[in-house]
Amino acid sequence: MRPNRFIPLATILFAVLIASAASAAGPPCRPCAGIHVEDPATALAALQGELTVDGEARLYVSWPAEVDGTADPSVFKSLGDGGATPWASVTFRTPAPALDHLETLQQELDALAALVSGSGDKAHVQIGWQPSAGSWTVKDFAYLVKRAAVVVTGANGDARVLVGPLWPDESTLRTFYAEDTAAYVDGVVLKAQPSGDADRAREVLMELDPGKPAVLDRQAWPAEPSTTLAMAADGSARGFSVVFFDFAGDAAALSPLKLLAREFQGDMSLDPYTVPTGGERAWTFVRGEDLSLRVIAEAPRGSERLELFFDDPQLRSPRIFSLDDGFEGSVFDQRRTAQGLTVPIDGPRAVSLVKVERMSAAELEGLEEEVRVDDTRQMPVEEILRRLQATEDDQSRLISRYTARNVLHLRFELGTGTGGVEASFDGPFYFQQGEGFDWAWESFYFNGVKWRGEKLPEIPILQPEKAAVLPLTINFAKQYSYRLRGTDDVDGRDCWVIDFEPLDGQAPEGESLFQGTVWVDRELYVRVKTRKQQLGLEGEVLSNDETFFYTPLDAQGQPTEWSRDAYYLPTRVVGQQVWSVLNAAVQVERESLLSQVRINPEDFDSQREETMASEATMVRDTDEGLRYLVKDEEGNRFVQEEFDTSRFFLAGGVFYDDGQDFPIPLAGINYLDFDYKDTGSQVNIFFAGAFLTANIAKPRVFGSNWDVGANLNGFAIAFGDELFRDDQEVPEEEIDRRQQSLSLFAGVQIGQYTKLDFTFGLQALDFSTADDTAEAFILPEDTLVSSFQTELIYSRSGYRFRLGGSYESRSDWEFWGLPGNTDFNQEQEDYIKWQASLGKTWWLPKFTKFGIELEHLNGDDLDRWSKYDFGTFGDADVSGYQNGLVRASEASGFHTTFGIGIGETFQVEIEGDALWATDEDTGLEDELLAGIGLEGTVMGPWETIVNFEVGVPVAGPGEGFSARIVFLKLYDDPWWRKKGKKDKD
C-alpha cells in the first residue's frame, strides 16, 4: 500500500471542513449561478422542460422591481413554485440627497414592504438606487440601504437583503462599510467589469466583512449555453458566491444552469488537488458527505474527443451528465490504472460536466498493491437494444398466433364535469404474426348496460393514424435515437430504462412517430413496460398516450413466473387520447384487457372462421388502422376500406322542473357526421321540438393545430325566471325569459395535453311577463349580448382542469324592475365572468365509477340577468334546483357521482352537488345550495337507450324536484340513405 496516496485525501477532507465552516453564511451551493431577466415570464417559461429545479437546489432568478406600487408580489411565489430562488432587484428612485426627500423615500419603502410581505423563506431582495434627480453618493446610499433593510426584515424575517450592484473599487466599499452597514446586509453585488477590479473588491470585502457573500453581477449570456458552467466555476474559484448572467434563451438554453443547481447543492467545496489534465481548463468540486467529485471541464476548441486524466487511482465510476436533460451516462471506455483514471468524452460540447466517485474507507482497507487495469465494462444502450430485439424475434417465432378475449373500455369526458360516459366492447380476438389481428364485438356495453339488439351498431371509428415507424425495431433508415437513463424496479423486476424519441426530437412533416420509455428486464431482456406518446398527429385525434404492461404466460396462456421459457404478451394497455369533437376537447381514457389467452391453438383457423360466419360486428387491424370486416351477399367477410362517418338518431323525452308550468316535451332527430361530404368537417344537428342546436367544426385547419367552428342554439319556449331574495321568493318580480345564441369558435392545441379556446358569441334575450309579475314591474329591454370568451383546458392522466373567462356586453340596457329598484346599475351593461374547475373520474371494475369536480364561479359587474344560475340549463347544475330560481355573483363547491352497473341491464348513478353561493343583492352569504340526484341508463324497447334523471334539493331555497327522461335510437342506415344506395347501384 502506498501511504502517500492518502495524503491528498486527508488534505481534501480538511479543506472541505474548513470551507464548510467558512461558507456557513453563504448560499447552500458551490458554485452558484443565477440569471437576470427583464420579464419574469421569460424565466417561468425557461424553468419548464424535462430538467427541473427542485428541493434545495438553488438557481437564482433576478428581475427588476420598481417600488412605485406597480411591482407584482406574486412573482416571488410563481418563481418559487417553478423551482427558482426569487431575487428581486429593487431600484429606488428617490431624488438625492435622500434626507431632503424623506416623504418620497417613505412612499417607496411602503411599496417595498407591500412587495416583500409574504414573499417566502427563500426570497432575496437586492437594494439599488438610481436617484431621479441629484447625484448619487455612497453615504446617501448607505442610509437608504439601512432603511430598506429594516423594512424588508420587518415584512419578511426570512428574506435576505443584498446591496448593489456597486462599482468594484476599494474606496466605495470602505466608505459604505464605514456607515455601519455590515449588520444590515447579507451580501454585496459587485459589477462584473473590469474583472481585475472585481477580484480586488472581493478581497477588500473579505477584509471588511469576513464571510459575507460577494456576488458577481450580470455577465453577458454566451453563444454556447454550456459555457455558463465554466464561467460559474471560474467565478466560484475566484471567491464569488453567486455569478449572474443576463439570460437570453429558452428552457433548453437554461438546462446547464439547472443541472448546476441540482448537482452542486449542499456542502460542496473547491478541490484544487484533484484537477484533471487533458482539457483547456477544469475545476473540481468535492462533496463533503461522500467526497465524490463534480468536475467542470472546458474542451479545447474544435476537439472531437476530450480525455480527462485524474492522477488518483482511488477514483472510480465516472458518469457524464447530459447538459440537455440532466441524465447521467456511463463512460464505457474508462481506464483505471495504478497511475490514475482516464475519462474519455467523445464529441464534447464546449464545457462538460463529469461526476466521479471515490472509494469508501472500507474499500480502501482492502485495496491491493496492484490496481486492475480496467473496471467492469458497462453495457451500452445499443447492446441492450440488440438483445431486446433478439428476444422479441425469438418470441415472434414461439408465438406464431394466439386467441384471447379482448375487452376495450372507452371512457369519455367532456369538459370537467362528473358525467362521463363509458362504452365497452368485448369479444374474441385473433392474432397472427405478420397479419395483425381480427376482433369480434360480441358484446357492447353503454354505461355498463348491455346492448340487447340483434346486431351491434357500427359506430364511426376515430383513431390516430398509424405511426410511420415503430420504435425499438430494426429499420432500414434510422428514425429514432435512444438513451440509457439508468435502472429501475418495475413490479419486482430489475430493469434497464431506455428513453427513445425521433432523431430530431420531433416527427418529420407528414409522418407520425413516437417518443417514450421502455423498461427492459436486465436478466431476460424482455419488455416489462412500454410508455409512448405519439407525435405528428393529424385529424381529429389531438394526442395519444399509451402504456403497455407485459405478462409472462405459460403454454396454456396462464400467468407464470418470469423465465426464458415463458411467453410474453401485453395483456393490459392503458392510455389517454384527446379528440377534437365539434370544437370541444374530449378526453378519452382507454383500457384494453386480454384474458383467456390460448397460444398457438390448433383450432385457430376453425375458431376464427366460425366467428367470421357469425353476425358479430368485426374489425381488422390494417395498415390504415382499424377497419370494419363486413359481409358480402354470399356471407364472406371483406375489409370495408371506407366507412360511413355519419350517424342518425331519433330522440324523444320530456323535461320538467318547478320553474315550468308543464313538462317540456322533447321529440326530434339528431344527425352527426365526422367527415361531412369528405371535407374533414364535423356537423351535428339536433332538433327536438322546443330545442334546436346545430354545430359545424373543422379540426386541423390547413394542417395546423387550430380548429374553427360555429354553434347555434335556440329555445322555442320561455323559461320562468323567479327571484329569491332575503330567504324569500318574490313572485311579483318573476318574469319569463327566452334565449337564442350563435357562437363562433377557434381553438389551438398546445402540446399534448392543453387546449386554448376562443369564442365570440351573440345571444338574443327576450323578456316577457309571467303570471305573477307585478303590473308596475318594468321588463328589461330585449337585448343582444355579445361576448368574447377564452378558455384553457388541460387534460392528463384522467385529470381535467379548466380556466375560463368572458367579457360580455349588452346592446340595449335601460332601467328595469319595480320603481325605485336599487339593483339596476347602468355600469352593469358590460360585465365579466370567469370560472375554474378541476375534476377527475375513477373508473373501477364492473362498470363502477366515482367522480368529483371542484368548481369556482366569479365575476364583476354582474346583475340579476347575468349572474350564475344553478338549474339544469344554468351555469352550474345543482340537482333538483329549478332554472332561474337562485342567482349568485360568486359560488364555490363540488359535484360528485357514484355509479354502479346492476346485472348488465341497469346502470344507476347517485349524484351529489354542493355549492356555497354569495350574492350581496339577494342576501346570500355562503348559502349552501345542495341537491341529490339519481340518474340511470337502461335498454328500452326497439333497441333504444333510455336515460333518466331525477333530482331533489336538500339544502337552500330549492323546492320540488327536476326530472328528465330521454329515449335515443340509432339508425345505421335511415330510409333515405338506403334509397340513395339503391339508386346508385
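Please read these numbers as outputs of a predicted model, since none were measured by experiment.

A. The arrangement of helix 3 (residues 74-81) in detail. Here helix 3 has its buried residues at V75, F76 and L79. Buried positions in helix 3, seen along its axis, are confined to an arc of 105° and lie on one side of it. Those residues of helix 3 that are exposed and aimed more than 90 degrees away from the buried face are K77 and D81. Elements in contact with the buried residues of helix 3: helix 2 (40-47), strand 2 (59-66), strand 3 (85-92), helix 4 (102-116) and strand 4 (124-129).

B. Fine view of unusual backbone geometry. Following R30, the chain continues into P31 via a peptide bond in cis, with omega recorded as -5°. With respect to the element layout, P31 can be found in the loop between helix 1 (6-22) and strand 1 (32-36). Each neighbour pair has its own omega, and for A96 with P97 the value is -5°, a cis peptide bond. With respect to the element layout, P97 can be found in the loop between strand 3 and helix 4. Located in the positive-phi region is N600, a residue other than glycine, with phi close to 50°. Structurally, the position occupied by N600 is in the loop between strand 29 (584-599) and helix 12 (604-613).

C. Region of the structure containing the sheet that holds strand 16 (residues 341-346). Reading across from one edge, 12-16-15 is the order of the 3 strands in this open sheet, with antiparallel pairing throughout. Both outer strands of the open sheet, strand 12 (305-310) and strand 15 (335-336), are each paired with one neighbouring strand and no more. Relative to strand 16, strand 15 runs antiparallel, the two sharing 2 bridges. Across the sheet, residue R335 finds its bridge partner in strand 16, namely T342.

D. Just the pattern of salt bridges, in detail. One pass over the structure, following the stated rule, counts 58 salt bridges. With a closest N to O distance of 3.0 Å, R483 and D499 form a salt bridge. Taken together, the positions of R483 in strand 23 (residues 480-490) and D499 in strand 24 (residues 493-502) put the pair 16 residues apart, joining distant regions of the chain. The class for R483 is partly exposed, based on a relative accessible area of 26%. For D499, a relative accessible area of 8% corresponds to the buried category. E591 is the partner of R572 in a salt bridge, and the nearest nitrogen-oxygen pair spans 3.3 Å. Highlighted residues: R572 in strand 28 (residues 567-581) and E591 in strand 29, separated in sequence by 19 residues. Each of E170, R174, R200, E203 and E207 takes part in salt bridges that share partners, so that together they form one network.

E. The arrangement of the pairing of strand 50 (residues 906-919) in detail. Among the 14 residues of strand 50, 10 are classified as buried, and the element is accordingly described as predominantly covered. Sheet topology places strand 49 (residues 890-902) next to strand 50; 13 bridges connect them, and they run antiparallel. Note that in strand 50 the partner of T896 across the bridge is G912. As consecutive antiparallel partners, strand 49 and strand 50 are separated by 3 residues, and within that stretch G903 has a phi angle of approximately 60°, a positive value. The sheet contact formed by strand 50 and strand 51 (residues 924-940) spans 13 bridges and is antiparallel.

Rules used throughout
- Sequence order as written defines the numbering, with residues in each chain counted from 1.
- Where totals are concerned, whole chains, interfaces and linings use all residues; where local detail is concerned, this predicted model gives features only for residues with pLDDT of at least 70, and gives and counts side-chain atom pairs only at 80 or more.
- With hydrogens and water excluded, all non-hydrogen atoms of the structure serve as input to the side-chain values.
- Accessible area is worked out with a 1.4 Å probe on protein chains only. A residue is then buried under 20% of its type maximum, exposed over 50%, and partly exposed in between.
- The helix and strand labels rest on DSSP assignments: H or I over at least four residues marks a helix, E over at least two residues marks a strand, and numbering proceeds from the N terminus.
- Here the arc refers to the directions that run from the helix axis out to each C-beta atom.
- Contacts were defined at the residue level, with two residues in contact if any of their heavy atoms lie within 4.5 Å.
- Here, a strand pair is defined by DSSP locating no fewer than two bridges between the strands.
- What counts as a salt bridge is simple: a side-chain nitrogen of Lys or Arg found within 4 Å of a carboxyl oxygen of Asp or Glu.

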